[in-house]
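The chain contents come next:
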Amino acid sequence: MTSVDFPKHKKAKALKPGSRRPAKELCSECGLCDTYYVHYVKSACAFINQQFEELETQSHGRDRNLDNPDELYFGVHQEMMAARKTEPIPGAQWTGIVSTIAIEMLNRGLVEGVVCVQNTKEDRFQPMPVIARTSEEILAARVNKPTLSPNLSVLEEIEKSGMKRLLVIGVGCQIQALRAVEKQLGLEKLYVLGTPCVDNVTRAGLQKFLDTTSRSPETVVYYEFMQDFRVHFKHEDGSTETVPFFGLKTNQLKDVFAPSCMSCFDYVNSLADLVVGYMGAPFGWQWIVVRNDTGKEMLSLVQEQIQTQPVFAKGDRKQAVQQSIPAYDKGVTLPMWAAKLMGVVIEKIGPKGLEYARFSIDSHFTRNYLYVKRNYAKKLEAHVPEFAKRIVGQYKLPD
Ligand code: FAD
Ligand code: SF4
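Per-chain numbering applies: the sequence of each chain, read as written, is numbered from 1 onward. Key to labels: chains lettered from A, ligands numbered from 1, both in the order written. Per-residue local features are limited, in this predicted model, to residues with pLDDT of at least 70; the limit for side-chain atom pairs, both in listing and counting, is 80 or more; totals at the level of whole chains, interfaces and linings are taken over all residues. Values shown for side chains rest on all heavy atoms present in the structure; no hydrogens or waters enter the calculation.

## Section: the sheet that holds strand 7 (residues 230-235)
Pairs of strands are assigned from DSSP output, requiring at least two bridges between the strands. Note on conventions: DSSP H or I runs of at least 4 residues are helices, E runs of at least 2 residues are strands, and numbering of each starts at the N terminus. An order of 6-7-8 is seen for the 3 strands of this open sheet, with the pairing classed as antiparallel. The sheet is open, and its two borders are formed by strand 6 (220-225) and strand 8 (240-244), each paired with just one other strand. Each strand axis lies, on average, 20° off the axis of its neighbour in the sheet, ignoring direction. In terms of strand pairing, strand 6 meets strand 7 through 5 bridges, oriented antiparallel. By the bridge assignment for strand 7, tyrosine 222 is matched with lysine 234. Along the sheet, helix 8 (residues 203-213) contacts strand 6, strand 7 and strand 8; its crossing angle with strand 6, the most-contacted strand, is approximately 85°. The convention used is that axes are lines fitted to C-alpha atoms, helices contributing only their stretch in contact, and that angles between N-to-C directions extend from 0 to 180 degrees. Here, residues are in contact when the closest pair of their heavy atoms is within 4.5 Å.

## Looking at the packing of aromatic side chains
By convention here, two paired aromatic rings are described through the distance between centres and the angle between planes. Classification of ring pairs rests on two measures: the distance between centres of Phe, Tyr or Trp rings, Trp counted by its six-membered ring, which must be within 6.5 Å, and the angle between planes, read as stacked under 30 degrees, edge-to-face over 60 and tilted in between. Within this structure, the stated rule accounts for 19 aromatic pairs. Their ring planes at 25° and their centres at 5.9 Å tell us that phenylalanine 209 and phenylalanine 225 sit as a pair that is stacked. Placement of the pair is phenylalanine 209 in helix 8 and phenylalanine 225 in strand 6, with a sequence separation of 16 residues. Grouping aromatic residues by their ring pairs yields a cluster made of Phe209, Tyr223, Phe225, Phe229, Phe233, Phe245, Tyr356 and Phe359.

## A closer look at helix 8
Note on exposure labels: buried denotes an accessible area under 20% of the residue type's maximum, exposed denotes more than 50%, and partly exposed covers the range between, all computed with a 1.4 Å probe on protein chains only. Taken together, the buried positions of helix 8 are occupied by Gly205, Leu206, Phe209, Leu210, Thr212 and Thr213. Turning to helix 8, the residues buried within the fold contact strand 6, strand 7, strand 8 and helix 9 (250-253).

## Description of the sheet that holds strand 9 (residues 274-277)
Taking strand neighbours across the sheet as the criterion, the 8 strands line up as 3-2-4-5-9-10-1-11 in an open arrangement whose pairing is mixed. The outermost strands of the open sheet, each flanked by one partner alone, are strand 3 (127-132) and strand 11 (306-309). When strand polarity is set aside, the average angle formed by the axes of neighbouring strands in this sheet is 25°. Two elements, strand 2 (residues 113-119) and strand 4 (residues 165-170), share 3 bridges in a ladder whose sense is parallel. Paired with glycine 113 across the bridge in strand 4 is leucine 166. Packed on one face of the sheet, helix 11 (residues 293-300) meets strand 1 (79-85), strand 4, strand 5 (189-194), strand 9, strand 10 (286-290) and strand 11 and runs near 70° to strand 5.

## Regarding the site of ligand 1
Near ligand 1, the surroundings consist of 33 residues, among which Trp94, Ser99, Val143, Lys145 and Glu224 are the closest. Polar contact is defined as a pair of N or O atoms within 3.5 Å, subject to the rule that within protein one atom must be able to donate a hydrogen and the other to accept it, and that residues adjacent in sequence are counted only when both atoms are side-chain atoms. Tyrosine 267 is positioned such that a nitrogen or oxygen atom in its side chain is 3.1 Å from an oxygen atom of ligand 1. In isolation ligand 1 offers 920 Å² of accessible surface; the protein chains occlude 97% of this area. Mapped by element, the contributors of at least two residues to the shell around ligand 1 are helix 4 (97-107), strand 2 and strand 9. In terms of residue count, the dominant contributor to the shell around ligand 1 is helix 4 (3 residues). Side-chain classes follow a simple rule in which Ala, Val, Leu, Ile, Met, Phe, Trp, Tyr, Cys and Pro form the nonpolar group, Asp, Glu, Lys and Arg form the charged group, and the remainder, Gly included, forms the polar group. By residue class, the composition of the shell around ligand 1 is 17 nonpolar, 13 polar and 3 charged. When we say a residue is near a molecule or strand, we mean one of its heavy atoms is within 4 Å of it. Only the protein chains shown count as cover for residues, with accessible areas throughout obtained via the Shrake-Rupley method and a probe of 1.4 Å.

## Considerations on the packing of helix 2 (residues 52-60) against helix 7 (residues 172-181)
Direction vectors running N to C along helix 2 and helix 7 enclose 65°, while the axes themselves pass 10 Å from each other. One way to sum up the angle between helix 2 and helix 7 is to call them roughly perpendicular. Considering only the axes of helix 2 and helix 7, their crossing is left-handed. Touching Phe52, Leu55, Gln58 and Ser59 of helix 2 are Gln176, Arg179 and Ala180, all from helix 7. By definition in this entry, angles of less than 35 degrees are roughly parallel, angles greater than 145 are roughly antiparallel, angles of 65 to 115 are roughly perpendicular, and the rest are oblique. Crossing handedness: left-handed means the near helix sits turned counterclockwise from the far one by under a right angle, and right-handed means the same turn made clockwise.

## Observations regarding unusual backbone geometry
Of note, the phi angle at lysine 24 is positive, near 55°, even though the residue is not glycine. With respect to the secondary-structure elements, lysine 24 resides in the segment before helix 1 (41-44). Despite not being glycine, phenylalanine 229 has its phi angle at roughly 65°, a positive value. Take phenylalanine 229: it is sitting in the loop between strand 6 and strand 7. Among the residues examined, phenylalanine 229 registers a relative accessible area of 1% and is labelled buried.

## Description of the pattern of salt bridges
Side chains bearing opposite charge may pair, as long as their charged atoms lie close to each other. Here, a salt bridge means any Lys or Arg side-chain nitrogen found within 4 Å of an Asp or Glu carboxyl oxygen. By the definition in use, this model includes 20 salt bridges. The shortest N-O distance in the salt bridge between lysine 160 and glutamate 156 comes to 3.1 Å. With lysine 160 and glutamate 156 both in helix 6 (residues 155-161), this residue pair falls 4 residues apart, about one helical turn. Residue lysine 160 is classed as exposed on the basis of its relative accessible area of 62%. According to the relative accessible area criterion, glutamate 156 is buried, its value standing at 16%. Two residues, arginine 179 and glutamate 182, come together in a salt bridge whose shortest N-O distance is 3.0 Å.

## Observations regarding the environment of asparagine 65
Residue position: asparagine 65 is located in the loop between helix 2 and helix 3 (69-74). Judged by relative accessible area, asparagine 65 falls into the partly exposed class, the value being 37%. In this structure, the C-alpha to C-alpha distance between asparagine 65 and tyrosine 222, residues 157 residues apart in sequence, is 36 Å. The residues contacting asparagine 65, other than those within four sequence positions of it, are Glu71 and Leu72.

Spelled out as structure tokens, the structure:
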């Protein structure tokens, strides 16, 4: 490489840990600014420059068809399905499809490394991004670290290592910034395995959530907001605790979610090749969205290890979403007996499958639209993508 084509970003300096980031309080700590790729932050940061259409076209060959109801909600895709591993990985968030795909890709030589996030020795919920080079290192990253995680902080290391084929596992804001700098990474092939993500928190915010919601915050090893309208906590002794969504102390928890997550419209990780979540699948199953041919290739590696079934939709979410908008806004918290009763009723008659996923997307997009409108009015028009405007436009919102 001559001095003429020496990439300009290498001259940039990573920002100091703890210093204010260009996205200010909206920063999701994705890690880009911890590297010399900070050079691209103004165009790459998901909270400074919303560019779904361009990046969808770059990643999938086209942007989403807004007139197709499934693409409007779930983004560009070739197919969706429900799946679960026939032999789940113990300690994985669900059945471990994400870790299994990553291990297969590494073992079959498709990639030389996998960007994923382990936890520190001292704290099971403190994220520690790594480039895994063995199956053991990938397995050590299984289970969600339900906190903002600087996954892209390893980007400089990738370039220095000389790796040419890489898998990155990450959530929407990390993947938006990654796609924006993809061409600068010097890779021959980048694979992106995404998970949906919503309502993430700082490590301190997580503690507040656990302290206000669980009976034993210090023994929680895992939690998930599940399709049965309950939060499921797993404890160190293997016991499970469930708390109905409607019993959450909304008034105390209103400020717990990170401002980045309150202004995010990429719940479904639109730019990943393959997305593995749960919310469009029946209880106990994972939800798979294959966005392009690369995603298809990745899923095919684990076909023998999973059972699948078609996705379905049941119920009608719209009334429940409309009613929840003012309730959330006013921080209404039901007494636990009423919350439990409501949980039982809504589980019986409430939305299921893809309709549950749409319920969750509608509830979060309307809340987030109001948040941006009230706190960042000048950003509203450019920051909210067209698909989100259409989704939010179905509901009557307070001022
Ligand atoms: P595992 O095999 O256990 O692997 C989990 C992978 O997640 C690991 O490779 C690890 O590197 C990665 N990871 C862990 N924490 C983070 C983090 N903070 N940032 C980036 N990557 C991380 N799915 C839904 O359908 N709806 C949701 O609302 C939803 N919210 C989520 C919120 C967060 C913060 C995260 C991380 C995931 C969320 N998911 C959601 C995805 C879901 O919880 C599972 O992660 C997914 O189904 C994969 O399960 P698994 O058993 O295959 O994963
Ligand atoms: Fe930088 Fe990422 Fe924060 Fe944006 S979200 S300011 S790119 S660290």
